[in-house]
Amino acid sequence: MLELRPNCECCNTDLDPDSLMARICSFECTFCADCSDRLFNGTCPNCKGELVHRPRRAKDKLKAAPASTRRVVNSTGCSSNLKD
Ligand SMILES: [Zn+2]
Ligand SMILES: [Zn+2]
């Protein structure tokens with residue numbers, strides 16, 4: 001099951017479980033659309049995999065299967081991944 005993390009790993013902006021701005025890779029590295037599109041060109045900076053739209057979980061399912069509240073932020077800062 002997806003964690004549905006509550007924030008962008010890069011800029012730490014909030015991402016609601018029903019946000020259309022959330023992007024994830026296959027490892028569930030989670031970013032906002034701004035970071036994904038503008039900084040990473042749709043490629044996860046951690047694992048080099050695709051960043052895709054995160055599917056939204058239906059609201060009635062969130063009660064039994066709540067979204068993660070554990071914030072994951074890249075401690076090295078997302079800009080460190082941009083020096084290609
Ligand atoms: Zn972001
Ligand atoms: Zn990744």
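What you see is a predicted model; the values in this text were computed from it and never measured.

*Asks:* Help me understand the packing of aromatic side chains in this model?
*Replies:* A ring pair, where both rings are aromatic, is described by two values, the distance of the centres and the angle of the planes. Summed over the entire model, instances satisfying the criterion amount to one aromatic pair. Ring geometry for Phe31 against Phe40: centres 5.2 Å apart, planes inclined by 70°, an arrangement best described as edge-to-face. Accessibility classification places Phe31 together with Phe40 in one group, the buried group.

*Asks:* Before we go on, may I ask you to explain the pattern of salt bridges in this structure?
*Replies:* Pairs can form between side chains of opposite charge once their charged atoms are near each other. Evaluated as defined, the whole model comprises six salt bridges. Here the salt bridges share partners, and the residues they tie into one network are Glu3, Arg5 and Arg70.

*Asks:* Could you clarify how one ought to interpret the coordination of the zinc ion (ligand 2) in this entry?
*Replies:* Six octahedral donors around a metal ideally sit at 90 or 180 degrees from one another, while four tetrahedral donors ideally sit at 109.5 degrees. Taken together, the protein donors to the zinc ion (ligand 2) comprise Cys25 (SG), Cys29 (SG), Cys44 (SG) and Cys47 (SG), at separations of 2.3 to 2.5 Å. Coordination at the zinc ion (ligand 2) is irregular, judged from the four donor atoms that bind it and the angles of 90 to 149° they form at the metal. Between consecutive donor residues of the zinc ion (ligand 2), the sequence gaps follow C-x3-C-x14-C-x2-C. Here Cys25, found in the loop between β1 (22-24) and β2 (30-32), pairs with Cys44, found in the loop between α1 (33-39) and β3 (52-53); they are 19 residues apart in sequence, far enough to count as distant. The residues Cys25 and Cys44 share a single accessibility class, namely buried.

*Asks:* I'm lost on the coordination of the zinc ion (ligand 1) in this one. Help?
*Replies:* Those donors, Cys8 (SG), Cys11 (SG), Cys32 (SG) and Cys35 (SG), are the protein atoms that reach the zinc ion (ligand 1), and they lie 2.3 Å from it. Taken together, the four donor atoms coordinating the zinc ion (ligand 1) span angles of 101 to 118° at the metal, a pattern that classifies the geometry as tetrahedral. All donors of the zinc ion (ligand 1) come from a single chain, and their spacing in sequence reads C-x2-C-x20-C-x2-C. Under the relative-accessibility criterion, Cys11 is labelled partly exposed at 41%.

*Asks:* Mind showing me how you'd approach the sheet that holds β1 here?
*Replies:* Strand pairs in the sheet, formed through backbone hydrogen bonds, run parallel or antiparallel to each other. Read from one edge of the open sheet, three strands run β2-β1-β3, paired in antiparallel fashion. Every interior strand has two partners, whereas the edge strands, β2 and β3, have only one. Strand direction decides the pairing type here: β1 and β3, joined by two bridges, are antiparallel. Across the sheet, the residue bridging to Ile24 is Val52, located in β3.

The rules we used
Residues numbered from 1 in each chain as written. Chains lettered and ligands numbered in written order. Predicted model: local features only at pLDDT ≥ 70, side-chain atom pairs only at ≥ 80, totals over all residues. Heavy atoms only, no water. Phe/Tyr/Trp six-rings, centres within 6.5 Å; stacked < 30°, edge-to-face > 60°. Buried < 20%, exposed > 50% of the residue type's maximum accessible area, 1.4 Å probe, protein only. Salt bridge = Lys/Arg side-chain N within 4 Å of Asp/Glu carboxyl O. Donors = N, O, S within 2.8 Å, 3.2 Å for Na, K, Ca; no water. Tetrahedral: all angles 85-135°; square planar, octahedral: opposite > 155°, others 65-115°. Helix = DSSP H or I, 4+ residues; strand = E, 2+ residues; numbered from the N terminus. Pairing = 2+ DSSP bridges.

By themselves, these are just geometric observations and shouldn't be taken as functional.
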